[in-house]
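One-letter residues, chain by chain:
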Amino acid sequence: MNLRSDKQQNIQTELNFSLTPVGETCEAGKEEAESLPTVHAPKSPASTNRLMEEVCERENMREALRRVKANKGSAGIDRMTVGAIADYLKQHWLAIRERLLNGTYEPKPVRRVEIPKPDGGVRKLGIPCVLDRLIQQAVMQVLQRQWDQTFSDHSYGFRPERSAHQAVAQAQQYIAEGHGWCVDLDLEQFFDRVNHDKLMGQIAKRVEDKRLLKLIRAFLNAGVMENGLVSPSVEGTPQGGPLSPLLSNLVLDELDRELERRGHRFVRYADDCNIYVRSEWAGQRVMDSVTRFITHVLKLKVNEKKSAVARPQERKFLGFSFTAGPEAKRVIAPKALDRFKRRIREITIRAKGVSMKTTIEELAPYMRGWRGYFGFCETPEVLVALTRWVRLRLRAAMWRQWKNTAPPPRGTDRTGGAPAVGK
């Protein structure tokens, strides 16, 4: 294959995946797909017919491998672990690259797992094989550089240099400006209901490379393995793959543009969307009209039980809520506080059967992560009270351990009574 530029010639016949990756690694437990800083301006449509060469380019693949390894994650249906992927690529990269460039690569079905939701029910995840995750990550990096600057400024989820904290701060600003009613939209099983044909139509408007279009369609149609049986994927983008968040932003970019066209003040983070208006009547009107748009145009479904028009302090957004009054302060939502306390109780109750050192090692990273996120609240007294509560839980756990392990006083059994006769 004749490549037309020096960059494309850098695809090379062999990748040195054993080199130590440079730069900071992502923290484990974050989204499968990590956002990359947007350093390139969007390319012209004429340049999108050679995107597969960019996907296979050496530095792009090395960065994708670094991020997949940093995210760790479970094995897919082939049981290959993240630690084994580098050695596998040393042996098989030439053949993999050839299949990608000639458009014959076929991903494996994803492994279905169910994660309990904090509010009840389960969230269905699809775990791709590590090799498929690597290729999805490489594709995502190339497409994100092309697409991100075309997305709405009101979209904050899964994007470089954007965060949930920025989304919450923007919502707070709308409330402070007098938009005291919130249209809280919840999309029912969004990731499971995305229409493949409609999504591929949107991608085709931005991508000319037929090989890449075929590869993305193959990922969407790869199927799901559950209880040893593979079922076809006729709709949806299973959560768990690096490409799904970017595709979800593409699907909902049409919603963003419609809301912008109508002049609404709104914030969207993935499938969480809040629109802020000045009156309850306006909120009901917006709820009805936007629901019709989502249903008839996007072919998605609004969860009527979880969606509502209400005061912002009565709703939660990304774990936060707001106080009433002219100065709307950020506060931790009650459900987030309940989840925190429930998790701390689980850890400290288990302390009865393990050492206190093990308990602290489990407790510390959870509290650091929780504090790092919810420290964005503007009610520090709540954080102080929670810290005191956690200390009391730890003291109670230490007391139980001491009581169960301390030797009994001389002449008594462990219950404190006199030893039985004959002992």
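So, how was this worked out
- Residues numbered from 1 in each chain as written.
- Predicted model: local features only at pLDDT ≥ 70, side-chain atom pairs only at ≥ 80, totals over all residues.
- Heavy atoms only, no water.
- Buried < 20%, exposed > 50% of the residue type's maximum accessible area, 1.4 Å probe, protein only.
- Helix = DSSP H or I, 4+ residues; strand = E, 2+ residues; numbered from the N terminus.
- Arc of directions from axis to C-beta.
- Contact = heavy atoms within 4.5 Å.
- Polar contact = N/O pair within 3.5 Å; in protein donor to acceptor, adjacent residues only side chain to side chain.
- Phe/Tyr/Trp six-rings, centres within 6.5 Å; stacked < 30°, edge-to-face > 60°.
- 1 Å grid on protein atoms, 1.4 Å probe; cavity = no way out; pocket = protein on both sides within 12 Å on 5 of 7 lines; lining within 4 Å.
- Points joined across faces, edges and corners; volume = space filled by probe spheres on them.
- Nonpolar A, V, L, I, M, F, W, Y, C, P; charged D, E, K, R; others polar.
- Pairing = 2+ DSSP bridges.
- Axes fitted to C-alpha atoms, helices over the stretch in contact; angles between N-to-C directions.
- pLDDT = per-residue confidence, 0-100.

Undergrad: What's the story with helix α8 (residues 196-204) in this structure? I'm lost.
TA: Residue pairs spaced three or four apart in an α-helix point in one direction, given the helix's 3.6 residues per turn. Among the residues of α8, those classed as buried are His196, Leu199, Met200, Gln202 and Ile203. In an axial view of α8, the angular spread of the buried residues amounts to 155 degrees, which keeps them on one side of the axis. Looking at the buried positions of α8, the neighbouring elements they touch are α5 (130-147), α9 (210-220) and α10 (244-261). For α8, the N-terminal capping position is held by asparagine 195, with its side-chain oxygen 3.1 Å away from the main-chain nitrogen of aspartate 197.

Undergrad: Mind showing me how you'd approach the packing of aromatic side chains here?
TA: Two aromatic rings, taken as a pair, are described by how far apart their centres are and by the angle between their planes. According to the stated counting rule, one finds 10 aromatic pairs in the structure shown. Considering the side-chain rings of phenylalanine 190 and phenylalanine 191, the 5.1 Å spacing of their centres and the 70 degrees angle between planes classify their relative orientation as edge-to-face. Overall, phenylalanine 190 belongs to the buried group, its relative accessible area being 3%. Overall, the relative accessible area of 9% leaves phenylalanine 191 in the buried class.

Undergrad: What is the right way to look at empty space enclosed by the protein in this model?
TA: To find the voids left in a structure, one rolls a probe of water-molecule size over its atoms. Under the defined criterion, the tally for this structure stands at 5 cavities of 30 Å³ or more. There is about 180 Å³ of room inside the largest cavity. Along the wall of the largest cavity there are 19 residues; nearest its centre are Gln136, Phe219, Leu220, Pro238 and Ser244. Secondary structure elements with two or more residues in the lining of the largest cavity: α5, α9 and α10. Top element by residues in the lining of the largest cavity is α9. It accounts for 3 residues. Of the residues belonging to the lining of the largest cavity, the class tally is 10 nonpolar, 7 polar and 2 charged. Approximately 60 Å³ is the volume found for the second largest cavity. Residue lining of the second largest cavity: Val194, Asn195, Lys198, Leu199, Gln202, Val251, Glu254, Leu298 and Leu300, and that is the complete set. Elements with a minimum of two residues in the lining of the second largest cavity: α8 and α10. Ranked by residue count, the leading element in the lining of the second largest cavity is α8, at 3 residues. Here the residues of the lining of the second largest cavity are counted per class, giving 5 nonpolar, 2 polar and 2 charged.

Undergrad: For this particular structure, what's the right way to read the environment of glycine 241?
TA: Tracing the backbone through its elements, the reader meets glycine 241 in the loop between β5 (229-231) and α10. Sequence separation between glycine 241 and valine 130 is 111 residues, and the spatial gap between their C-alpha atoms is 9.8 Å.

Undergrad: How do you make sense of the sheet that holds strand β2 (residues 122-127) when you look at a structure like this?
TA: The strands making up a sheet associate through backbone hydrogen bonding, with each pair oriented either parallel or antiparallel. The mixed open sheet is built from 4 strands, whose spatial order is β2-β1-β4-β5. The sheet is open, and its two edges are formed by β2 and β5, each paired on a single side. When strand polarity is set aside, the average angle formed by the axes of neighbouring strands in this sheet is 40 degrees. As paired strands, strand β1 (residues 110-116) and β2 are joined by 6 bridges and run antiparallel to one another. When the bridges of β2 are listed, isoleucine 115 appears paired with arginine 123.

Undergrad: For this particular structure, what's the right way to read the sheet that holds strand β7 (residues 272-277)?
TA: Read across the sheet, 4 strands follow the order β6-β7-β3-β8 without closing on themselves; strand pairing throughout is antiparallel. The sheet is open, and its two edges are formed by β6 (265-269) and β8 (308-310), each paired on a single side. Strand-to-strand, the axes of this sheet are offset by a mean angle of 20 degrees, without reference to chain direction. Sheet topology note: the strand β3 (residues 181-186)/β7 ladder contains 6 bridges and is antiparallel. Looking at β7, one finds that valine 183 is bridged to isoleucine 275. Set on the sheet, α10 makes contact with β6 and β7; between it and β6 the angle comes to about 175 degrees. Against the sheet, helix α11 (residues 280-296) touches β3, β7 and β8, its axis set at about 20 degrees to β3.

Undergrad: Looking at this structure, I do not really get the confidence of the model for the chain. What am I missing?
TA: Confidence along the chain averages 84 in pLDDT terms, with 82% of residues attaining 70 or more. Long-range and interchain partners of residues 1-46, a stretch whose pLDDT sits below 50, account for 101 contacts in this model, where long-range means more than four residues apart. Of the regions scoring below 50 in pLDDT, residues 412-423 engages in 12 contacts with residues more than four places distant in sequence or in other chains.

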